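Results of the structural survey
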Amino acid sequence: MPHKIPDLELVTYSLSRRNDVSSFCCENTDLNDFLKNDALINQEQLINKTYVCYYQEQLVGYFTLTTDTIQVKSIDNSDCVDGFPYSKYPALKLARLATHESFAGRGVGSYMLHIAIYLTQKVSNIAGCRYVTIDSKPESVGFYIKHGFKLVRGSSKKEYPVLYLNMQPIVEELGPIESLDPFV
């Protein structure tokens, strides 16, 4: 088994025209095609935001975030907000996550997932965002469950099972973020 790449040796950037993504290759042709042909266009149209991950100046993965909602009735009661008056919660969707096939099994996917969760926490400081959602490929469900995600009720038999992560326990563990700095 290949050795895990230390997190401190991975670097994540927002996708830009400077990034050469032409050599990226994971095991899923749709994910390869999205990065090479659609990610930057969608980003410029404010549809989603893609982040690229590098190890020793080599592109080893990417992930894409977009806004979402999740039905209140779709999640476990233990993850609900008491007295919430609406039918949907605000969420951020992890729309894509892919690791270059040469770096699979080396911790790159977990690192990018943690960065996506960190970014969701940053969004929640600006606008409120309670959950991370994912429309997972069936073969990836175990990976997300291992990282604390739960299946949405009734979605396990769908072509792309839906999972969610409740951000509240993570935010509570990190503690309050307060600043006296002026908003600029």
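Throughout what follows, the structure given in this document is the object of discussion. The shown structure was predicted, so the numbers you read here are calculated from the model rather than taken from an experiment.

When its secondary structure is counted, the protein chain shows four helices and seven strands. Listed by position from the N terminus, the elements making up the protein chain come as β-α-β-β-β-α-β-α-β-β-α. In terms of overall size, the protein chain behaves like a compact globule, its C-alpha atoms giving a radius of gyration of 17 Å where 184 residues would be expected to give roughly 16 Å. Across its three principal directions, the C-alpha atoms of the protein chain cover 50 × 50 × 35 Å. Here the protein chain holds 184 residues, and the buried ones make up 44% of them. Across the protein chain, the fraction of contacts at a sequence separation of at least 24, relative to all contacts at a separation of at least 6, is 67%.

This paragraph deals with the nonpolar core. Leu-10, Phe-63, Leu-65, Leu-94, Val-108, Tyr-144 and Phe-149 are the most contacted members of the largest nonpolar core, which has 28 residues in total. Where this core is concerned, the elements lending two or more residues are strand E2 (49-55), strand E3 (58-71), strand E4 (88-99), helix H2 (108-126), strand E5 (131-135), helix H3 (141-146) and strand E7 (162-166). Per-element tally for this core: the top contributor is H2, with seven residues. Apart from residues lying up to four places away in sequence, Phe-63 is in contact with Thr-12, Lys-49, Thr-50, Tyr-51, Leu-94, Arg-96, Leu-97, Met-112, Ile-115, Ala-116 and Leu-119. Within the second largest apolar cluster, 14 residues are counted, among which are Cys-26, Leu-35, Tyr-54 and Ala-98.

Let us look at helix H1 (residues 29-44). With 16 residues, H1 should reach 22 Å at 1.5 Å per residue; the first-to-last C-alpha distance of 23 Å fits that figure. Taken as a whole, H1 carries its principal kink of about 55° at Asp-38. Of all the residues in H1, the buried ones are Leu-31, Asn-32, Phe-34, Leu-35, Ala-39, Leu-40, Asn-42 and Gln-43. The inward-facing, buried residues of H1 abut strand E1 (10-14), E2, E3 and E4. Measuring from the side-chain oxygen of the N-cap residue of H1 to the backbone nitrogen of Asp-30 gives 2.9 Å; that N-cap residue is Asn-28. One or two residues past the end of H1 sits Leu-46, with phi positive at roughly 60°.

Rules behind the numbers
- Residues numbered from 1 in each chain as written.
- Predicted model: local features only at pLDDT ≥ 70, side-chain atom pairs only at ≥ 80, totals over all residues.
- Heavy atoms only, no water.
- Helix = DSSP H or I, 4+ residues; strand = E, 2+ residues; numbered from the N terminus.
- Rg over C-alpha atoms; globule rule 2.2 N^0.38 Å.
- Buried < 20%, exposed > 50% of the residue type's maximum accessible area, 1.4 Å probe, protein only.
- Contact = heavy atoms within 4.5 Å.
- Core = buried A, V, L, I, M, F, W, Y, C linked by side-chain atoms within 4.5 Å.
- Expected span 1.5 Å × (residues − 1).
- Bend = angle between axes of the 7 residues up to and from the residue.
- Polar contact = N/O pair within 3.5 Å; in protein donor to acceptor, adjacent residues only side chain to side chain.

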